[in-house]
Amino acid sequence: MEYIVEPQKKIKVSEQADICVVGGSCTGVFAAVRAARLGAKVVLIEKQNCLGGTATSGLVNVWHSLYDTDGQNQIIAGLTFETIERLQQAGALKCTDSVNSAYQFNSQELKIELDRYIKENKIKLYLHTYYSTLLLDGNRIKAAVIENKDGRSAIKADFFIDATGDGDLCRDLEIESYRNKTVQPPSACFLMKGRVDSNLLSQVIREHGHEEGLEDDWGWGCNAVCSDDIRMSADNHVFNVMCNRADDLTFAETEGRRQMRAFINLLKKYGYSDERYALVAACSHIGIRETVHYKTLYRAEEKDLLSGKRYPTAVLNGTYRIDIHHSDNMGITFKYLDGTVTTYYGKNTRQESGNWRTEAGITGEPAKYYQLPLEVLIQEKYENFIMVGRMLNADEGAFGALRVMVNLNQLGEAAGVAAYTAIDSNMPVQKIDRLKVCETLKAGGSALI
Ligand SMILES: Cc1cc2nc3c(=O)[nH]c(=O)nc-3n(C[C@H](O)[C@H](O)[C@H](O)COP(=O)(O)OP(=O)(O)OC[C@H]3O[C@@H](n4cnc5c(N)ncnc54)[C@H](O)[C@@H]3O)c2cc1C
């Protein structure tokens, strides 16, 4: 490898804040909003042209149930619930009776709602701005260096939150990392016009996919809201890529777009003859399910999640099933709190079922929801730093459930409140009063039972 030395350069300080959040999906925005509502001066850095991350740039427009498995008690509230209400008011939400796709929203409208949160809470937002590196003073972060149309500058802050998904700040801080055995593959989502149903898709892909280089791959799609004739398609995966590597990410984007055209071409040829199939929009960023994970004080594990373990410092309640997209055989496995396990291969090509409770000889009532403690966000070393998002410290099974947005949204809120608490109490994040964080979350609208 050849190296070159970058000369030292004086850069301007573009902002001085209490908290700097890097990454503006709902995870990062909700962290920023919760801290700002407590009185912190917050700066938010986002590299795309909009907020929302996978939900907007990636076109993924489904949030899952906010209720326990009985459907009786609301276990998730906070900014997820507030946003659902706002989207409903904007006519940008469809409520379904499926717990696995409970809320389908219009991704474009979500961008606008997130912009409103920024304005209302006086958060300083930088779009089209790339986090570049960190400046340290021992175990404290002094500043984050950013790049945008103004060139290179620094954000000084008392506390930093990494909500970049891949953990770009964690990488630069050299926090211990690992990959799970199965790294869930990405999908390039798109909007398409034209009627399809699962039988048609299954037949077309199985019989003709090879003509366009498409595998018989498990996938899903749903109404793109609020238009019955536009479908959000997450029907394909790009395999064998690690999307926190520049070359792989570049390949994944172009291969994802190739798959979109291939899919539409097949439907034009073998779909319903009276339909005019068309590609309406390609995601502006491929949907990344998983890359790397970073170690924190607590690692989420499948066994604790499925047994519904409770924590005094719980900052998350959830019911979303374990959902693992296989990296090697076009399959997906779902595991539920009630014991059900189902694996599907291809587009309805093959199915296997089982029951993890029966197999483990577990009797008694299954848990109605699971929890996660605040410690999952706290790393050991840096006093003014928290990471939150899909870089979560979790094994394959726990990650499969926790990675969805109704869960990461709650962790985002917890990260914002923890950051505020550290500043307010003038403590390293490792020493903050964790119960106080839970109380503050509750007082701010989170449903922590
Ligand atoms: C195809 C697909 C389908 C899915 N389906 C669902 C579903 O139906 N429902 C559900 O709830 N979940 C679903 N998920 C999972 C869920 O969408 C993601 O796990 C979740 O959105 C990840 O959130 P995040 O905040 O960790 O990361 P991201 O959404 O990736 O957000 C990271 C943000 O940080 C920004 N960023 C990154 N690096 C930098 C940098 N260096 N400088 C500045 N900004 C930066 C990015 O632009 C982005 O806005 C799906 C995921 C995929 C990929």
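Computed from a prediction, not measured in an experiment: that's the story for all the values here. (Residues numbered from 1 in each chain as written. Predicted model: local features only at pLDDT ≥ 70, side-chain atom pairs only at ≥ 80, totals over all residues. Heavy atoms only, no water.)

With that settled, consider the sheet that holds strand β13 (residues 230–234). With antiparallel pairing, four strands are arranged side by side in an open sheet as β12-β13-β11-β14. In this open sheet, the two strands that pair with only one neighbour each are β12 (220–223) and β14 (278–282). The average undirected angle you get between the axes of adjacent strands in this sheet is 30 degrees. In this structure, strand β11 (residues 190–193) lies alongside β13, joined through four bridges in antiparallel fashion. (Pairing = 2+ DSSP bridges. Helix = DSSP H or I, 4+ residues; strand = E, 2+ residues; numbered from the N terminus. Axes fitted to C-alpha atoms, helices over the stretch in contact; angles between N-to-C directions.)

Moving on, we get to the domain arrangement of the chain. Each domain of the chain was delimited in the assignment, giving domain 1 (12–180 + 375–443) and domain 2 (190–282). Computed from C-alpha coordinates alone, the two centres of domain 1 and domain 2 are separated by 30 Å. The partner domain 2 presents 15 residues to the 13 residues of domain 1 that form the contact. For the pair domain 1 and domain 2, the summed buried area comes to about 990 Å², and 60% of that belongs to carbon and sulfur atoms. (Domains from an automatic or database assignment. Contact = heavy atoms within 4.5 Å. Buried area = accessible area lost by both parts, 1.4 Å probe.)

The next subject is the site of the ligand. Around the ligand, 31 residues are found, and the nearest of them are S25, E46, T54, R403 and M405. At 2.8 Å, a backbone N or O of R390 approaches an oxygen atom of the ligand. In the model, an oxygen atom of the ligand is placed 2.6 Å from a nitrogen or oxygen of the R403 main chain. Of all the secondary-structure elements, those providing two or more residues to the shell around the ligand are β7 (130–137) and α10 (405–424). Classifying every residue of the shell around the ligand by side-chain character gives 11 nonpolar, 14 polar and six charged. (Near = heavy atom within 4 Å. Polar contact = N/O pair within 3.5 Å; in protein donor to acceptor, adjacent residues only side chain to side chain. Nonpolar A, V, L, I, M, F, W, Y, C, P; charged D, E, K, R; others polar.)

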